[in-house]
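The chain contents come next:
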Amino acid sequence: MRKKITKPKRTIDLHGIPHSNVKQVLEDFYLWKGKGIEESVIITGKSTEMQKLVFEFLDAYDFKYIVWGDNPGQINVIV
């Protein structure tokens, strides 16, 4: 059986990033450096404020994403 070859997911870890810098970090990652990224993972940790900021960014730019119930500190972005 042949193994399906897929592009590796890229990860951005927001641990240690001040809330005031989150939007800029995400813009840099997704709008400038990340052109062509098909899937990625954003690590937010347990901070509900950090998660809210990420959701606002993703919704503003119409990104599609999934948060699995067993790990709410990880947001899977899909294109």
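See above for the structure.
Residue positions are given per chain, counting from 1 as you read along its sequence in written order. Owing to the predicted nature of the model, reporting of local features is limited to residues with pLDDT of at least 70; listing and counting of side-chain atom pairs is limited to 80 or more, with chain, interface and lining totals taken over all residues. As a rule here, side-chain values come from all non-hydrogen atoms in the structure, and water together with hydrogens is ignored.

**Student:** Lay out unusual backbone geometry in plain terms, naming residues and giving numbers.
**Tutor:** One non-glycine residue, Asp 62, adopts positive backbone phi at about 60 degrees. Segments assigned H or I by DSSP are reported as helices when at least four residues long, segments assigned E as strands when at least two residues long, and all are numbered from the N terminus. Looking at the secondary structure, you find Asp 62 in the loop between α2 (48-60) and β3 (64-66). A relative accessible area of 60% places Asp 62 in the exposed class. The buried label applies to any residue whose accessible area, calculated with a 1.4 Å probe on protein chains only, is under 20% of its type's maximum; exposed applies above 50%, and partly exposed to all values in between.

**Student:** Describe the pattern of salt bridges, listing the residues and the values that go with them.
**Tutor:** When the charged atoms of two side chains with opposite charge come close together, those side chains can pair. Any Lys or Arg side-chain nitrogen found within 4 Å of a carboxyl oxygen on Asp or Glu counts as a salt bridge. Under the defined criterion, the tally for this structure stands at 2 salt bridges. In this structure, the salt-bridge partner of Glu 27 is Lys 23, at a minimum N-O distance of 3.9 Å. Here the residue Glu 27 and the residue Lys 23 both occupy positions in helix α1 (residues 22-33), the gap between them amounting to 4 residues, near one helical turn. For Lys 23, a relative accessible area of 52% puts it in the exposed group.

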